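# Descriptive analysis of the structure
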Amino acid sequence: MLRYTTADDSLPVLFRKPRCVPRIALQVHPSDNVVTLIDALVDETRTRCGLALRDPIAFGHKAATRTIAEGESVIKYGVTIGRATRPIEVGDHVHVHNCC
Amino acid sequence: MSTSIIAADPPPGFAGYIRADGRVGVRNHLALVSTVALANRIAELSAARFDAARGPGTDPVLRIQGEFQRGLQTADAALQDYVLFRLISHPNVGAAVVLCHDLSTAQRWIARLKGQTTSVLVLAVMAYHGINDAITQTVNALTALAALLKPMQRDWCGFSRLTFALECGGSDASSAICSNPAIGRFVDRAVALGASVIVSETAEFIGGEEVVRAQSANGDIAERIIERIARTESRMTSDGDRYRGTNPTSENIEAGLTTLVEKTMGALCKIGRSPFVDCLNFGQPATQPGLSFMDTPFFSPCSITGMVAAGAQITLFSMGVFNPSGNPLAPTLKVCGNPDTVSRWSDGIDVALVDLLEGRINLDAAGERVMEAVLGVAGGERTHTESWGEGQFMIPRELPTF
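In short, a report on the structure. Keep in mind it's a predicted model, so treat the numbers as computed, not measured.

## Looking at the sheet that holds strand E4 (residues 62-65) of chain B
Residue and element names in this part refer to chain B. Taken in spatial order, the 4 strands of this open sheet run E4-E3-E5-E6, and their pairing is parallel. With one partner strand each, in any of the chains shown, E4 and strand E6 (119-124) form the two edges of the open sheet. Between one strand axis and the next, the sheet turns through 20° on average, direction left out of account. Two elements, strand E5 (residues 93-100) and E6, share 6 bridges in a ladder whose sense is parallel. Paired with Ala95 across the two strands is Ser119, which belongs to E6. Against the sheet, helix H1 (residues 40-54) contacts strand E3 (29-34), E4 and E5, and its axis sits at roughly 155° relative to E3. Of the strands in this sheet, E5 and E6 touch helix H3 (residues 103-113), which is tilted by about 165° from E6.

## Observations concerning unusual backbone geometry
Non-glycine residue Tyr77(A) carries a positive phi angle of around 60°. The topology assignment puts Tyr77(A) in the loop between strand E4 (73-76) and strand E5 (79-83). Of note, Glu201(B) is a non-glycine position whose phi angle comes to about 65°, a positive value. For Glu201(B), the location among the structural elements is in the loop between strand E9 (196-199) and helix H6 (209-214).

## Quick look at the pattern of salt bridges
All names here are of chain B. This structure, assessed with the given rule, holds 25 salt bridges over all chains. Salt-bridge contacts for Glu67 lead to Arg397; the nearest nitrogen and oxygen are separated by 3.9 Å. In this pair, Glu67 is assigned in the loop between E4 and helix H2 (74-88) and Arg397 in the segment after helix H14 (384-388), connecting sequence segments 330 residues apart. For Glu67, a relative accessible area of 35% corresponds to the partly exposed category. Accessibility expressed as a relative area gives 34% for Arg397, which makes it partly exposed. Members of the salt-bridge network, linked through shared partners, are Glu227, Arg228, Arg231 and Asp295.

What counts and what doesn't
- Residues numbered from 1 in each chain as written.
- Chains lettered and ligands numbered in written order.
- Predicted model: local features only at pLDDT ≥ 70, side-chain atom pairs only at ≥ 80, totals over all residues.
- Heavy atoms only, no water.
- Pairing = 2+ DSSP bridges.
- Helix = DSSP H or I, 4+ residues; strand = E, 2+ residues; numbered from the N terminus.
- Axes fitted to C-alpha atoms, helices over the stretch in contact; angles between N-to-C directions.
- Contact = heavy atoms within 4.5 Å.
- Salt bridge = Lys/Arg side-chain N within 4 Å of Asp/Glu carboxyl O.
- Buried < 20%, exposed > 50% of the residue type's maximum accessible area, 1.4 Å probe, protein only.

Below you can see the structure in the form of structure tokens.
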């Protein structure tokens, strides 16, 4: 099933952990190669999942969890949402400047 | 001896306006419909004079403004007429003044509206003696109809009498995580209770074809919807621009959405898990309860107009970054889980879901919160868009305008 659904309550559990210092990065689907940052700690580079961010990333924007070669799929919700227009490193901000 | 007759868990319902033909309204609007742009200013001045005379505490006249009508080719002219007709006879309209420019158009509308249960007075500007006279006559017509509305009372109605329009605006990551899936939960419940739900914005299904296939009642419905998506995509790319994967709006991009497919996958979270039961044309009423797809442009004032013309009495509007849009005829509930938007635009948000994002409630509770808000609004509570008088009607055109 390609469809993303938050049917389970896994998302809320993420937030029950104390001390919100490292950033919350949400991976929607197990095959995704990006995560979505869902807090406003733009200057913080550490995330709870252990991913080190290489750019300041705003609320709702994405970071790469794997190296993505130019032309390779950017995957979110388990589907190809776009292609890398230049090589993307782990922790890079993924957006219109390197994906279309 | 007394016997308890209170059911353990009564099905939800609301106090609505039951029309003579059985349709149910959640509002009892006095509408002033100008059928063509030529009559809009006189309609505006008439509504202002009428509202001022009625004073504070009364609902203002609901104005529906026509645009073209003239200079349109067959299909477009027919759609303008059809949508205006559907809005005049919408269940949330208690009575309507229809203001035309010329006499023959007025005669046509009188014939068209014959047999409708909604009380309608049709006027033609050209029948009067000066602008002031036209305004006075329009105000007189509004006054006569207002008297008819006064005694109308709300009665208890079952939830299944409702049709909902689903819409996204200002989509961002929070839309996909909070407002859309919360609305999806509500949709599952609404469909289980026998209501009708319409989702539209064909362009925002591009990339979601597999979801449509997996979630249609049968293959025929899936193919009809996918054919509309493909047609829209081919039109969007006909100018050589590569829209697919590059066409979220500028505010979507600022909010972090990179491609149209990403936006689509988030938007699809609002349909819940019910199967599509039909594929509708712009403004076409649902043929059966359940979830229906409607082929519309993606711009929200236009797509909502299509779903409201179909008879939706309430609009659920999922919002990430702020978007003021709403529909004046079908009260629009703004649902939002973006903490920044909720803190900055609290006077424009009806259902805040920041606690869903923060993990203090789960999706079931969020869906329940949407349901409670919907029942309140169905029973007469005002939405923010209603209190601001926000809202637009927009009828699409496909052919050249002459």
